[in-house]
Amino acid sequence: MTVREAGDAVVAAGGTKMAIRDAAVRLFAAKGFEQTSLREVADAVGITKASLYYHYASKLDLLLAIVDPIIDHLRSVIEDIDAVPHDAEGVRAVLRAYLRGMIRHRDAGALCVRDTVAIINVMADRYPDMLDSTRVLREWLAGPGADAVAELRASAALEVLGVALLSDEIVPGVEDSVVERTLLDAATCVLTGCQTA
């Protein structure tokens, strides 16, 4: 993973739309959503502001393009969750699938934490979906007939996996495999009370 300084231009190797998104993630994380102008994003990509508007109608649309994949991933994890056996292997597979999405989208992690108000505002219509998806995942992880302890452990395990969003800031340059293994083991331990899963 290449670390860029706030002033570096973004190469549009993955297409202009992706270059705009990448520049926005970097600038929003460095300066904040409210403090970053679309002109700065366009300049970072090397395009005009009008070209940026061709791809994204507003700064909120751009922020939504950054956040939506995280929500879509969560929904994909729970889509057929009832078909997954609720045993040690099934639980670990669900945790792994959820974690891999967090790792894949960690470039937006710092932004999600630092600009929570902007994220909530842009997600207004999707927020109930996210809460419902998180509830379904938490209840499944807690298991059938779960008591308060199991529900708290399931919530805590999801929080542990959420650390993946900030892993680049906590341990810059760490390999994805280390993040996955470490957080998966920690979440499994929290979920099971550190019994063998």
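This one's a predicted model, so the numbers in the text were calculated from it and none came from an experiment.

(A) Inspection of the overall build of the protein at higher detail. Helix and strand counts for the protein stand at 11 helices and 0 strands. Considering only C-alpha atoms, the protein reaches an extent of 55 × 35 × 25 Å along its principal axes. The burial tally for the protein puts 41% of its 197 residues in the buried class. Contacts in the protein between residues far apart in sequence, at least 24 positions, make up 69% of those at least 6 positions apart. Counting only carbon and sulfur atoms, one obtains 55% of the accessible surface of the protein, whose full area is about 10400 Å². Across the protein, the centroid of the 20 positively charged side chains sits 4 Å from that of the 29 negatively charged ones.

(B) A look at the state of the cysteines. Under the counting rule described, the total for this entry stands at 1 disulfide. Note on cysteine connectivity: Cys189 is disulfide-linked to Cys194, with sulfurs 1.8 Å apart. Where Cys189 bonds to Cys194 through sulfur, the torsion about that S-S bond is close to 95°, and the disulfide is right-handed. You can call Cys189 partly exposed: its relative accessible area is 25%.

(C) Summary view of the packing of aromatic side chains. This model, assessed by the stated rule, comprises 1 aromatic pair. When the ring of Phe28 is compared with that of Phe33, the centres are 5.1 Å apart and the planes differ by 75°; the resulting orientation is edge-to-face. For Phe28, a relative accessible area of 1% translates into the label buried. The cationic tip of Lys17 hangs over the ring face of Tyr56; the distance from NZ or CZ to the ring centre is 5.2 Å. Lying over the aromatic face of Phe33, Lys59 brings its terminal NZ or CZ to 4.6 Å of the ring centre.

(D) Highlighting the nonpolar core. The biggest cluster of nonpolar side chains holds 58 residues, and the ones touching the most others in it are Phe28, Val41, Leu63, Leu137 and Leu141. The element that contributes the greatest number of residues to this core is helix H4 (residues 59–78), accounting for 9 residues. Beyond its immediate stretch of four places on either side in the chain, Leu141 contacts His86, Val91, Val94, Leu95, Ala154, Leu158 and Leu191.

(E) Just helix H9 (residues 148–162), in detail. In this model, H9 (15 residues) spans 21 Å end to end at C-alpha, consistent with the 21 Å of a helix rising 1.5 Å per residue. Taken together, the buried positions of H9 are occupied by Ala150, Ala154, Ala157, Leu158, Val160 and Leu161. Here the buried residues of H9 occupy an arc of 155° about the axis, which is enough to place them on one side. Opposite the buried face of H9, at more than 90 degrees from it, the exposed residues are Ala148, Leu152 and Glu159.

What counts and what doesn't
- Residues numbered from 1 in each chain as written.
- Predicted model: local features only at pLDDT ≥ 70, side-chain atom pairs only at ≥ 80, totals over all residues.
- Heavy atoms only, no water.
- Helix = DSSP H or I, 4+ residues; strand = E, 2+ residues; numbered from the N terminus.
- Buried < 20%, exposed > 50% of the residue type's maximum accessible area, 1.4 Å probe, protein only.
- Contact = heavy atoms within 4.5 Å.
- Areas by Shrake-Rupley, 256 points an atom, 1.4 Å probe, with all protein chains shown as cover.
- Lys, Arg positive; Asp, Glu negative; His and termini not counted.
- Charge placed at Lys NZ, Arg CZ, Asp CG, Glu CD.
- Disulfide = S-S within 2.5 Å.
- Phe/Tyr/Trp six-rings, centres within 6.5 Å; stacked < 30°, edge-to-face > 60°.
- Lys NZ or Arg CZ within 6 Å of the ring centre and 35° of its normal.
- Core = buried A, V, L, I, M, F, W, Y, C linked by side-chain atoms within 4.5 Å.
- Expected span 1.5 Å × (residues − 1).
- Arc of directions from axis to C-beta.

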